[in-house]
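Understanding the architecture of this molecule
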Amino acid sequence: MKRRAFVNKTVAATAMGAIGLPFNINALGKEKKMQKKIKIKNTNSNFERESLFPYRFKGSAVTQLWQTAAWLQSDSGVSKIGLGTQSPLWSDSSVAGDHSENGANALMFAMSEKALQLAKGRTFTNPVQLLDDILPEVHAYGKKITGESDLRMTFALNSLVCVDNAAWLLYAHENNIKTFDEMVPEAYRPGLSYRHKKVASIPSFPVGTAIEKIKSAADEGYFIMKLKTGSKGTQKEMLAHDMEFLSNVHKAIGHYETPHTKDGKIPYYIDPNARYESKDTLLRFLDHAKKIGAFDQIAVIEEPLREEDESYVGDVGVTIAADESAHTVQDAINRMEQGYGTIVVKAIAKTLSMTMKIVQACHERKVPCFSADLTVNPILVDWNKSIAARLAPLPMMDIGLLETNGHQYYKNWDKLETYHPRAGAEWTQTENGVYQTSKSFYDQSGGIFLPSSHYEQLFEEI
């Protein structure tokens, strides 16, 4: 850099510092706005129970979901509310099995409260750093109160979603960030650079679902559906039921056509929820799929094997997805090395911060991702959709994928929809099995930066 230019840069930088504007001069001599340091002055929490029509998976069922809210206030006086949906059964079935449904939820909520205590008085520059700082201690606390020495990391991450979301909203406000794209740190933007105009809405059907319901969904325009397998009983009984189920599904909808896949056929998304005790069981299931002509329509099989099973699955002929077992970015990398062809990401279950890191790791290894649900509320659907709309499609697709099943299981879904600050917006509605993620969706960031009057009322006495 020439001396005169250097002097001009230095004078400008000094002036910016004098009036309180953060600045940085990088190696090329360009001014770059620095992230603001944010100190968390006060915290609070609350939750609401929402009843479900029983959702059966992992050999059990969920009949209610706690909607948690974390309130963070910075020392500048600004406060933001982050939402979360708890699912102890999904995140650690051992904890769910050892406690009542309310008891397991109470334990997870206690971990959210612990995270808020750890955050209070802490200074951070971005939420990823904040999560990294408090996650180990929250996980350790969870082990203590649940009595589970091997408590799954996902249980801790699930408890942190509301805190992490509040931190992102506070971060956006303090740094004058107006859009989701701007909020994503530069290091994670490559993996979230796609812009789908449409995102498939994937409903979920539990074990034992009547085939008529699945056919009805296909008739309504849904072209990819999550089919829960891993039936109750012994491995032999389970496999027999799963094979029969696939046969019935394929007979009912296997001939349906869709413009959203390369071969024009309806794809199957199968989730045994880690019920297959060996790779051989999986291979026998796939042999049956070949026999009935359904094999080529299997888009993905999610978590067929137990988490501790390190079998290589890159040679089974279909894409195998990691979900619960990909707790952290390192877990996701390990699964990719074991031949898993896609990683299911859940910003609404494992935090947005961890999800960004996982997505970027997959992008660097050219492994696709897609977004799945935790049966979350409508506002969180759009947090999840914000990720789904920016992920490159799976090989056999030309569209973004988002499992969203809340409308199937919440008894008061219609009421929950009214809590969304952009309720009724085009991109909140499913039409012919897809969400329209057009310019307004990106311009308004799915409405996630807007306050919800309902959830603000939970803290109106503060």
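Our structure's up above, just so we're on the same page.
A brief look at the structure comes next.

Here is what the cut-offs are and how they apply
Residues numbered from 1 in each chain as written. Predicted model: local features only at pLDDT ≥ 70, side-chain atom pairs only at ≥ 80, totals over all residues. Heavy atoms only, no water. Helix = DSSP H or I, 4+ residues; strand = E, 2+ residues; numbered from the N terminus. Rg over C-alpha atoms; globule rule 2.2 N^0.38 Å. Buried < 20%, exposed > 50% of the residue type's maximum accessible area, 1.4 Å probe, protein only. Contact = heavy atoms within 4.5 Å. Areas by Shrake-Rupley, 256 points an atom, 1.4 Å probe, with all protein chains shown as cover. Salt bridge = Lys/Arg side-chain N within 4 Å of Asp/Glu carboxyl O. Pairing = 2+ DSSP bridges. Axes fitted to C-alpha atoms, helices over the stretch in contact; angles between N-to-C directions. Arc of directions from axis to C-beta. Left-handed = near helix turned anticlockwise from the far one by under 90°. Nonpolar A, V, L, I, M, F, W, Y, C, P; charged D, E, K, R; others polar.

This part covers the overall build of the chain. Secondary structure summary: the chain contains 17 helices and 15 strands in total. Computed over its C-alpha atoms, the radius of gyration of the chain comes to 23 Å, within 12% of the 23 Å expected for a compact globule of 462 residues. With respect to the three principal axes, the spread of C-alpha positions in the chain is 75 × 50 × 45 Å. Within the chain, the proportion of its 462 residues that are buried is 56%. For the chain, the proportion of contacts with a sequence separation of at least 24, taken over those separated by at least 6, is 71%. Total accessible area computed for the chain in this model is approximately 19,400 Å², and 49% of it derives from carbon and sulfur atoms.

Let's shift gears to the pattern of salt bridges. Applying the stated criterion across every chain yields a total of 17 salt bridges. Asp271 is the salt-bridge partner of Lys226, the closest N and O atoms lying 3.5 Å from each other. Of the two residues, Lys226 is situated in strand β7 (residues 225–228) and Asp271 in strand β8 (residues 268–271); the sequence distance between them amounts to 45 residues. Judged by its relative accessible area of 2%, Lys226 is buried. Taking the shortest distance from any N to any O, the salt bridge between Lys385 and Asp382 comes out at 2.9 Å. Note that Lys385 and Asp382 are positioned in helix α13 (residues 378–388) at a spacing of three residues, about one turn of the helix. Assigned by exposure class, Lys385 and Asp382 land together as buried. Several salt bridges share partner residues, and in doing so they unite Lys226, Lys228, Asp271, Glu302 and Glu403 into one network.

Attention now moves to unusual backbone geometry. The phi dihedral of Glu303 is positive, around 45°, even though this residue is not glycine. Following the sequence through the fold, Glu303 ends up in the loop between β9 (298–302) and β10 (320–322). Glu303 gets classed as buried once you look at its relative accessible area, which sits at 2%. With phi around 50°, Asn432 is a residue other than glycine that occupies positive phi space. Since its relative accessible area comes to 55%, Asn432 is described here as exposed.

It is worth spelling out the sheet that holds strand β2 (residues 60–74) at this point. One open sheet holds the four strands; their spatial order is β3-β2-β1-β4, and the pairing between them is antiparallel. Looking at the sheet topology across the chains shown, the edges are occupied by β3 (79–85) and β4 (123–124). Here seven bridges tie β2 to β3, and the two strands are oriented antiparallel to one another. If you follow Ala69 over to β3, its bridge partner there is Leu83. Along the sheet, helix α6 (residues 153–174) makes contact with β1 (38–57), β2, β3 and β4, crossing β3 at roughly 150°.

This brings us to helix α8 (residues 211–219). All of the buried residues in α8 are Ile211, Ile214, Ala217 and Ala218. Down the axis of α8, the buried set is contained in an arc of 125°. They therefore lie on one face. Exposed residues lying more than 90 degrees from the buried face of α8 are Glu212 and Lys213. At the C-terminal side of α8, Gly221 shows a positive phi close to 115°.

Viewed as axis vectors pointing N to C, helix α5 (residues 127–146) and α6 meet at an angle of 145°, and their least axial separation amounts to 9 Å. Like other packed secondary-structure pairs, α5 and α6 cross with a definite hand, here right-handed. Residue-level contacts link Pro127, Val128, Leu130, Leu131, Ile134, Leu135, Val138, His139 and Thr146 of α5 to Met153, Phe155, Ala156, Leu157, Ser159, Leu160, Asp164, Ala167, Trp168 and Tyr171 of α6. By residue class, the composition of the contact of α5 with α6 is 15 nonpolar, three polar and one charged.

Just geometry here; none of it tells us what the structure is for.
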